[in-house]
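Given next are the chains, with one letter for each unit.
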Amino acid sequence: MIRTPNGDPAKAAQEIIDELNIRDPSEIKVDLIAEMRGATVVESTLTSSEGRLVRRGKEGTITVPSNESNIGRKRFSIGHELGHFELHSHLASYIACSKEDMTDFSGYKRREQEANLFSAELLMPTSLFRPRIILKKPNMKLVSAVADEFNTSITATACRYMQVTREPCALIYCVDGVVRWVSTSDFPFFLKKKGDPLDSDSFAFDAFKGKGDNLTGSLVPGTAWMHSYSSRFDDLEFLESTLFMDFYSATLTLLWQP
């Protein structure tokens, strides 16, 4: 594959998967894939980043934290830096990425969004991911199970779910009780937006108070998640499934209609 700036991140990853004839999640050895593409993966102490790429012409070195115990996060970081290596040779020879960069699927930083989209497609190819979620109830229990099978992070898997699902639903990512970003799939409601605080009627609010997760989903009032509300929605309810991630002080919430 020829590396081209501003290319389609998902397509670039798909071409690698097709080239390697990968047919099962267990075959996705991201460190070996990076090596084949010209980027050696090493582990070292990183104090201010979750991943780092140093490029030397057509070769590079990807560094990930040696003290990272979550294999899913480590694999996604490798895929993320490989995305920079494949897509962004025109931007910089040295790139250091924070944990916030690794969760940017909203386009706040286009370069980081593209690296995340590349990593998500590389680690969870559509052809392998879709059969595992199709016609199944959208909740964080399903997302967690798929993340375990693909050995990927929860955030990346939830975002991948939103890209692939045909179910009308919404994914909301909150940090310290405040909405960071919202992703929807044919969900016809005006939901809270970036910067809005969580409503006390939501399970996400409870999760930040230490009351635990709700993986399978339970009913909440529509007012808990809608940005603006009118009397015609008085009887509206959503099913909410929320997972708290202590590492990021964040919640991931899936919403859908009962």
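Before going into details, it helps to say that this report is about the structure given with it.

Calculation rules
- Each chain has its residues counted from 1, following the order in which its sequence is written.
- Reporting in this predicted model follows two pLDDT cut-offs: at least 70 for local features of residues, and 80 or more for side-chain atom pairs to be given and counted; totals over whole chains, interfaces and linings ignore these cut-offs and use all residues.
- Heavy atoms throughout the structure, all of them, feed into the side-chain values; hydrogens and water do not.
- Side-chain rings of Phe, Tyr and Trp, where Trp is taken by its six-membered ring, are said to pair if the distance between their centres is within 6.5 Å; with planes under 30 degrees apart they count as stacked, over 60 as edge-to-face, and otherwise as tilted.
- Categorising residues by exposure relies on relative accessible area from a 1.4 Å probe, with only protein chains included: less than 20% of the type maximum marks a residue as buried, more than 50% marks it as exposed, and the intermediate range marks it as partly exposed.
- Working rule: Lys NZ or Arg CZ, within 6 Å of ring centre, within 35 degrees of ring normal, means a charge sits over the ring.
- A helix here means a DSSP run of H or I that spans at least four residues, while a strand means a run of E at least two residues long, and both kinds are numbered starting from the N terminus.
- In protein, a polar contact means a hydrogen-donor-capable atom and an acceptor-capable atom, both N or O and within 3.5 Å, with residues adjacent in sequence counting only if both atoms are side-chain atoms; elsewhere, any N or O pair within 3.5 Å suffices.

Re the packing of aromatic side chains
One pass over the structure, following the stated rule, counts seven aromatic pairs. For the pair F187 and F189, a centre-to-centre distance of 5.4 Å together with 65° between the ring planes defines the contact as edge-to-face. Owing to a relative accessible area of 15%, F189 belongs among the buried residues under this scheme. Between F247 and Y248 the ring centres are 4.8 Å apart and the planes differ by 85°, which places this aromatic pair in the edge-to-face class. When its relative accessible area of 15% is taken as the criterion, Y248 is described as buried. Three or more aromatic residues joined by ring pairs make a cluster, and in this case those are F187, F189 and F238. Taking NZ or CZ as reference, R73 lies 3.8 Å from the ring centre of F247, over its face. Above the plane of the ring of F247 lies K99, whose end atom (NZ or CZ) is 5.1 Å from the centre.

Describing helix α6 (residues 140-150)
Residues M140, L142, V143, S144, V146, A147 and F150 constitute the buried set of α6. For α6, the side-chain oxygen to backbone nitrogen distance between the N-cap and K141 is 3.2 Å, and the N-cap itself is N139. The positive-phi residue at the C-terminal boundary of α6 is N151, with phi of around 60°.

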